[in-house]
Amino acid sequence: MQLEDRLGLLQTAEKIASREAKVVVIGLGYVGLPLCIEFANAGFNVTGIDVNSTKVESLNRGQSYILDVKEADLKSCFEKKKFKVVENYNPLKEADVIIICVPTPLNKTREPDVSCIIAVGEQIARYIRKGQVVILESTTYPGTTEEVILPMLKQKGGKVGEDFCLAFSPERIDPGNRHFSTATIPKIVGGVTPQCTEFAKKVYESIVEKVVLVSSSRVAEMAKLLENTFRAVNIALVNELALMCAKLNINVWEVIDAAATKPFGFMPFYPGPGLGGHCLPIDPIYLAWKAKLHGFESRFIELASQVNAYMPNYVVERVMAGLNEKGKPMKGSKLLVLGVTYKKNVNDTRESPALDIIEMLKERGAIVKFNDPYIASLDSIQWTALTPATLRAQDAVLLLTDHGDFDYDAIIRDAALIIDTRNIFKNHHSSNNVIRI
Ligand SMILES: NC(=O)c1ccc[n+]([C@@H]2O[C@H](COP(=O)([O-])OP(=O)(O)OC[C@H]3O[C@@H](n4cnc5c(N)ncnc54)[C@H](O)[C@@H]3O)[C@@H](O)[C@H]2O)c1
């Protein structure tokens, strides 16, 4: 099959410089949607593609489902005709720059599931032509760009780095973080060839303050996995320290705060009810899986996963111990879970440890309700308003996510027993009514 010969990479470079390049972002979630807005605000014509018709319809009504993307920004991009959203892949034909932001979950056997990347790769391969720059942003195991996407794009005979470019650039966005956004987080870029790196650099230079070049797509893929494995392992370390400190009757939070006064060589991480979100519990497993294919056992990753996965059980144990102190069995106790998202001030419940904890409490016969200012409903349990009467009606309240919107004064005043997994009630830990993890 012949590669359609239109404008080449040099013309694409000119179009990027003049902002005339057509940018297509595939996957309009936490990563893809903010990226679309950045490119549209920088003056590019952006098309977002998503297979989820509810999301496409919502965006086309001007409604954002991502808290970090304000509807005013969305509407302004639509009004300036800089942004459109569709459910089909036709825009790939005219695209100069294609950025892939689809999910990379685990399958049922907890192995990497790159089927979304493959599905999108097949579509890009159908339309690939000279002059296109393709960039993968989804977090994945080292080698995905070269081993999974490149063979598809080469099917029509085009040469990478000469006819089209392919690069990996990890997304490092931190949803809910008010200090750093897509534009202010340095962007790592690694191309399949040096030419690909240069082209991906040109793309991101238009929207981010700093682009960091690395020698290959594999290095870029690995750098992202190092960042997230670093967090997962350090969180596991403090989680284990929390279990140890409980045995030794030492306040782990005070220990961490004291250690954090060291001005060098220490970075504080905090214990919690377990790891959640689409990144930290999953990304290290991508790396461990790939290492295993090469006969390498990644012991830190395995151990960290085990320690972090145990934390929901530990929270349930603490609830049982607290109820026991009050002479109450778990079975039939009324429990209120505060916060079900995986971290504070976001509306994302993916992999949230709260969901596991709720299931375990229910299995043990507790009557569980929840409140979360960011989540209106869950399939498994009933939402309830946070009123003095509701708080007083509970045998225990579990603070699992420390959202800024909770009225902590009311909670400490009205709850009979609080299981505090976030050290919010640190000034009340000596009271009989607050149990920390
Ligand atoms: N959420 C984060 O904080 C974050 C941070 C850094 C990196 N990442 C990585 O970025 C990637 C995307 O994560 P996310 O949180 O934005 O996921 P998401 O689920 O919020 O969004 C992904 C979108 O892709 C769409 N999609 C799935 N298959 C598709 C297909 N074949 N064609 C078109 N659209 C398709 C889905 O409908 C969804 O809207 C993942 O690899 C993730 O690990 C996420």
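Everything here concerns the structure above.
Described in the following lines is the structure provided in the data block.

Conventions and cut-offs
Residues numbered from 1 in each chain as written. Predicted model: local features only at pLDDT ≥ 70, side-chain atom pairs only at ≥ 80, totals over all residues. Heavy atoms only, no water. Salt bridge = Lys/Arg side-chain N within 4 Å of Asp/Glu carboxyl O. Helix = DSSP H or I, 4+ residues; strand = E, 2+ residues; numbered from the N terminus. Buried < 20%, exposed > 50% of the residue type's maximum accessible area, 1.4 Å probe, protein only. Core = buried A, V, L, I, M, F, W, Y, C linked by side-chain atoms within 4.5 Å. Contact = heavy atoms within 4.5 Å. Pairing = 2+ DSSP bridges. Right-handed = clockwise from strand over helix to strand, strands pointing away.

## Some words on the pattern of salt bridges
The tally for this structure, following the rule as stated, stands at 16 salt bridges. For Arg218, the salt bridge is made with Glu147, and the minimal N-O distance between the two is 2.8 Å. Of this pair, Arg218 sits in helix H8 (residues 217–248) while Glu147 sits in helix H6 (residues 144–153), and the two are 71 residues apart along the sequence. Take Arg218: its relative accessible area is 32%, and that puts it in the partly exposed class. A salt bridge links Asp414 to Arg413; the shortest N-O distance between them is 3.2 Å. Through salt bridges with shared partners, one network takes in Glu146, Glu147, Arg218 and Lys290.

## A few points about the nonpolar core
Counting residues in each nonpolar core, the largest one holds 77 residues, and the members touching the most others are Ile26, Phe39, Phe83 and Ile124. A per-element tally of this core places helix H2 (residues 32–41) first, with six residues. Ignoring anything within four residues of it in the chain, the contact list for Ile124 reads Ile26, Leu92, Ile98, Ile100, Val134 and Leu153. Among the nonpolar cores identified, the runner-up in size contains 39 residues, and Ile357, Leu400, Leu417 and Ile435 belong to it.

## Considering the pairing of strand E2 (residues 45–49)
Across the five residues of E2, four count as buried, placing the element largely inside the fold. The pairing of strand E1 (residues 22–26) with E2 spans five bridges and is classified as parallel. Bridge pairing in E2 links Val25 to Gly48. Read as a crossover between parallel neighbours, the route from E1 over H2 to E2 is right-handed. Pairing between E2 and strand E3 (residues 83–86): four bridges, direction parallel. When the bridges of E3 are listed, Gly48 appears paired with Val85.

On their own, these measurements won't tell you what the molecule is for.
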